[in-house]
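Understanding the architecture of this molecule
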Amino acid sequence: MLHKLRDWIANDDVIKFYHTNEWRKVRTKRLKLDHYECQVCKSQGKHTHATTVHHIKHVRDYPMQALNLNNTETICRVHHNQEHPEKLEQFHKDKFENEERW
């Protein structure tokens, strides 16, 4: 798996990792351990339902930690977007691509 993951990282195709059975098992286990609650909200005394499993050490930087349950946490969409603002950039691009605005 590590060899495949490194290839996917090199080819900017990490999304394939998230479709593997190995990741799905880790993800399910983390969600159950955290009772589907955002751990960031929980640390702030709030209760928020969450279904996103976040890698504490990013997969691209630490591929050997990708399937380590201790390297994951359940977080809500709001906190995941705060952790990864670069993923939202595609939605904030200018509508017009040239000076004539069309």
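Residues numbered from 1 in each chain as written. Predicted model: local features only at pLDDT ≥ 70, side-chain atom pairs only at ≥ 80, totals over all residues. Heavy atoms only, no water.

1. Topic: the packing of aromatic side chains
Taken as a whole and judged by the stated rule, the model has three aromatic pairs. Note on Phe17 and Tyr18: the rings are 5.1 Å apart at their centroids and 75° apart in plane angle, and the pair reads as edge-to-face. Take Tyr18: its relative accessible area is 31%, and that puts it in the partly exposed class. Judged by centre distance (5.5 Å) and plane angle (90°), the ring pair of Tyr18 and Trp23 falls under edge-to-face. In textbook terms, an aromatic cluster arises when at least three aromatic residues are bridged by ring pairs, as seen for Phe17, Tyr18 and Trp23. Just above the ring of Tyr62 sits the side chain of Lys57; from NZ or CZ to the centre is 5.3 Å. (Phe/Tyr/Trp six-rings, centres within 6.5 Å; stacked < 30°, edge-to-face > 60°. Buried < 20%, exposed > 50% of the residue type's maximum accessible area, 1.4 Å probe, protein only. Lys NZ or Arg CZ within 6 Å of the ring centre and 35° of its normal.)

2. Digging into helix H2 (residues 21-33)
Here H2 spans 18 Å end to end across 13 residues, near enough to the 18 Å set by a 1.5 Å rise per residue. Taken as a whole, H2 has its buried residues at Trp23, Val26, Arg30 and Leu31. The arc that holds every buried residue of H2, seen down its axis, measures 135°, which confines them to one face. Away from its buried face by more than 90 degrees, H2 exposes Asn21, Lys25 and Lys32. (Helix = DSSP H or I, 4+ residues; strand = E, 2+ residues; numbered from the N terminus. Expected span 1.5 Å × (residues − 1). Arc of directions from axis to C-beta.)

3. Observations concerning the side chain of Arg30
Along the polypeptide, Arg30 turns up in helix H2. Leaving out residues up to four positions away in the same chain, Arg30 has contacts with Val53, Leu69, Asn70, Thr72, Glu73 and Thr74. (Contact = heavy atoms within 4.5 Å.)

4. Quick look at the pattern of salt bridges
Counting across every chain of the model gives four salt bridges. Note that Lys42 and Glu37 form a salt bridge whose closest N and O atoms lie 3.9 Å from each other. (Salt bridge = Lys/Arg side-chain N within 4 Å of Asp/Glu carboxyl O.)

5. Some thoughts on the nonpolar core
Of all hydrophobic cores here, the largest spans 11 residues; its members are Leu5, Trp8, Ile9, Val14, Phe17, Trp23, Val26, Leu31, Val53, Val59 and Ala66. Residue assignment for this core shows that the elements contributing at least two residues are helix H1 (2-10) and H2. Filtering out sequence-adjacent residues up to four positions away, Leu5 remains in contact with Phe17, Val59, Pro63 and Ala66. Counting five residues, the second-largest nonpolar core is a separate cluster that includes Cys38, Cys41, Ala50 and Ile75. (Core = buried A, V, L, I, M, F, W, Y, C linked by side-chain atoms within 4.5 Å.)

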